[in-house]
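# Structure at a glance
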Amino acid sequence: MIQVLDIIAFLLNWINSFFLFMVIGRFLDIKEKIPVKIMAYAFCIPISNIVIFANDITNIIGVLIGFIIFTFIFYRDIWICKLSTVIILYPMIVSINYLAQDTGMQIYFYIISIRELNAENILISTLIHTISLAIAPVIWFSIWQILKRRNIRSISLLNTKMWLMIDGVCLSVFIAVLVTLNFMPDNSWMGYPICLSGIITVFACLYLTLYIADSILTEYQLQTMKKKHKYYEEKIQEEERIRSIYHDMKNHLLVIENQSGTDYAKEIAKKLRMEISDYEDYVHTGNDILDVIIKEKSRMARENDIDFSVTIDFSGVHFIEPLDISTIFGNSIDNAIEATGKLPEEYRTVMIKAGIVHSFVMIVIENTCSDVSERKSGTTKDDKFLHGFGIGNIKKTVEKYNGEYTSECKDKKYTLKILIPFSTERKSVSD
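From a predicted model like this one, the values you see are computed outputs, not experimental measurements.

One open sheet holds the five strands; their spatial order is β1-β2-β3-β5-β4, and the pairing between them is mixed. The open sheet terminates on both sides in strands that have one partner only, identified here as β1 (307–312) and β4 (404–410). Strand after strand, the sheet turns through a mean of 10 degrees between neighbouring axes, direction not considered. By the bridge criterion, nine bridges tie strand β3 (residues 360–368) to strand β5 (residues 413–421) in an arrangement that is antiparallel. By the bridge assignment, N367 is partnered in β5 with Y414. Each of β1 and β2 (349–357) is contacted by helix α9 (residues 288–303), which is oriented at about 165 degrees to β1, the strand it contacts most. Contacts from helix α10 (residues 322–340) reach β1, β2, β3 and β5 within the one sheet, and its direction differs from that of β3 by about 15 degrees.

This is the structure:
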């Protein structure tokens, strides 16, 4: 029977590692290669099952160092996401392990103190130990299920400042648990309140993180829906306007033929050129959302007397999410127009090129600029909640697709280049 319980205990350790591994996967994107995933899971086993006792500084600090190395080696997110994952989950790992193992040990010693050490009591103590090992996987499974029901991928929309705010709250729990376990008094149960309160606080922080991320995602989705609605409205209006132009074109041409050279004829010709030029300015990129973005930015450029040139073919790019297209093009073009608008009118030029080149999605945005060598992140716009992500959020979005972002300012020309490996699979925010 004891051997059976030992086998169950071994399986519980593996199950515990699996559920913790899945929880971490809801925060961070693991590198895609299968050998890397296998190595990551193997690395997660000792982290999740390490024995935590009071004043055991070796194991307590060891699991922290191991967890940091684990996240930075096997996951591809930016450093702030990895660090935040450590700050949020580490107190839970050591607190859960400490409470489960110390409770089992206290019960074991209590049984030994009141009963003789015989085969029956050893069986009971082994059973208690096995039951205590079941506590951690049950908790991690519950957390995993909670995160699965929520749109945890929306966390990718959080910028560095928001992560730092969340980390500030969790850091107090992190320090409290770390100090308490390393400098515990003789009575180990005195650490229970700190560990329990730490787990509860981290749960609250997880909920806060999800709430903030979901709020941002909802705003983005609302914007996307408005852009789609605007796109179809504009398409209908465009078709009606084109029909109207063709309907009147014959009459206008007859007037021009009969009154060639007169001011009235010139006025009609000017009016026709304006109507046709508005239609010609409508760039068809192959992506509905991008069409709306380019049309809006083209209007902004005209209002600021900027020479706005666009060559985009996104007809085969279906794997980049609409929100990410808005983030990349919306922010970068806004920055280009804002920087170029500060220059004398004759120097205002923005050029945008995008398409598929040699199995990569290439995006190049160039604009004339001053002698400033690098554009600062951030925003000068009024709506900082929706637009305050800037260059940092563009980089984060590009990294989400394993892409590369580069920029330089040379010879008074600012060039932003983005390369994203082409994929036939469409990513999902609700993944």
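With that settled, the discussion passes to the pattern of salt bridges. One pass over the structure, following the stated rule, counts six salt bridges. Among the ionic contacts, a cluster of salt bridges with common partners joins E296, R299 and E303.

Each regular strand displays side chains that alternate between the two surfaces of the sheet. The pairing of β1 with β2 spans six bridges and is parallel. Along β2, the bridge assignment pairs S309 with M351. Between the parallel elements β1 and β2, the chain passes through α10 in a crossover that is left-handed. As defined by bridge partners, β2 adjoins β3 across eight bridges and the pair is classed as antiparallel. Directly across from G355, in β3, lies its bridge partner M362.

The next thing to look at is the packing of helix α1 (residues 2–27) against helix α2 (residues 34–49). At their nearest, the axes of α1 and α2 sit 8 Å apart, and the two run at 115 degrees to each other. Taken together, the axes of α1 and α2 lie roughly perpendicular to each other. When the axes of α1 and α2 are compared, the crossing they make is right-handed. Contact residues: α1 offers N13, W14, N16, S17, F18, L20 and F21, while α2 offers K37, A40, Y41, C44, I45, S48 and N49. Partitioning the contact of α1 with α2 into residue classes produces eight nonpolar, five polar and one charged.

Among the nonpolar cores identified, the biggest contains 58 residues, and F67, F70, I88, Y90, W140 and L181 are the most heavily contacted of them. For this core, the secondary-structure elements that each account for two or more residues are α1, α2, α3 (57–74), α4 (79–114), α5 (119–149), α6 (160–182) and α7 (192–258). Ranked by residue count, the leading element in this core is α4, at 13 residues. Once residues within four sequence positions are removed from consideration, L181 is found in contact with I52, F53, A54, N55, D56, I60, V94, Y98 and C195. Formed by 36 residues, the second largest nonpolar core is a distinct cluster that contains I306, I325, V361 and C409.

Criteria and cut-off values
Residues numbered from 1 in each chain as written. Predicted model: local features only at pLDDT ≥ 70, side-chain atom pairs only at ≥ 80, totals over all residues. Heavy atoms only, no water. Pairing = 2+ DSSP bridges. Helix = DSSP H or I, 4+ residues; strand = E, 2+ residues; numbered from the N terminus. Axes fitted to C-alpha atoms, helices over the stretch in contact; angles between N-to-C directions. Contact = heavy atoms within 4.5 Å. Salt bridge = Lys/Arg side-chain N within 4 Å of Asp/Glu carboxyl O. Right-handed = clockwise from strand over helix to strand, strands pointing away. Parallel < 35°, antiparallel > 145°, perpendicular 65-115°, else oblique. Left-handed = near helix turned anticlockwise from the far one by under 90°. Nonpolar A, V, L, I, M, F, W, Y, C, P; charged D, E, K, R; others polar. Core = buried A, V, L, I, M, F, W, Y, C linked by side-chain atoms within 4.5 Å. Buried < 20%, exposed > 50% of the residue type's maximum accessible area, 1.4 Å probe, protein only.

Such coordinate-based values are descriptive only and should not be taken to indicate function.
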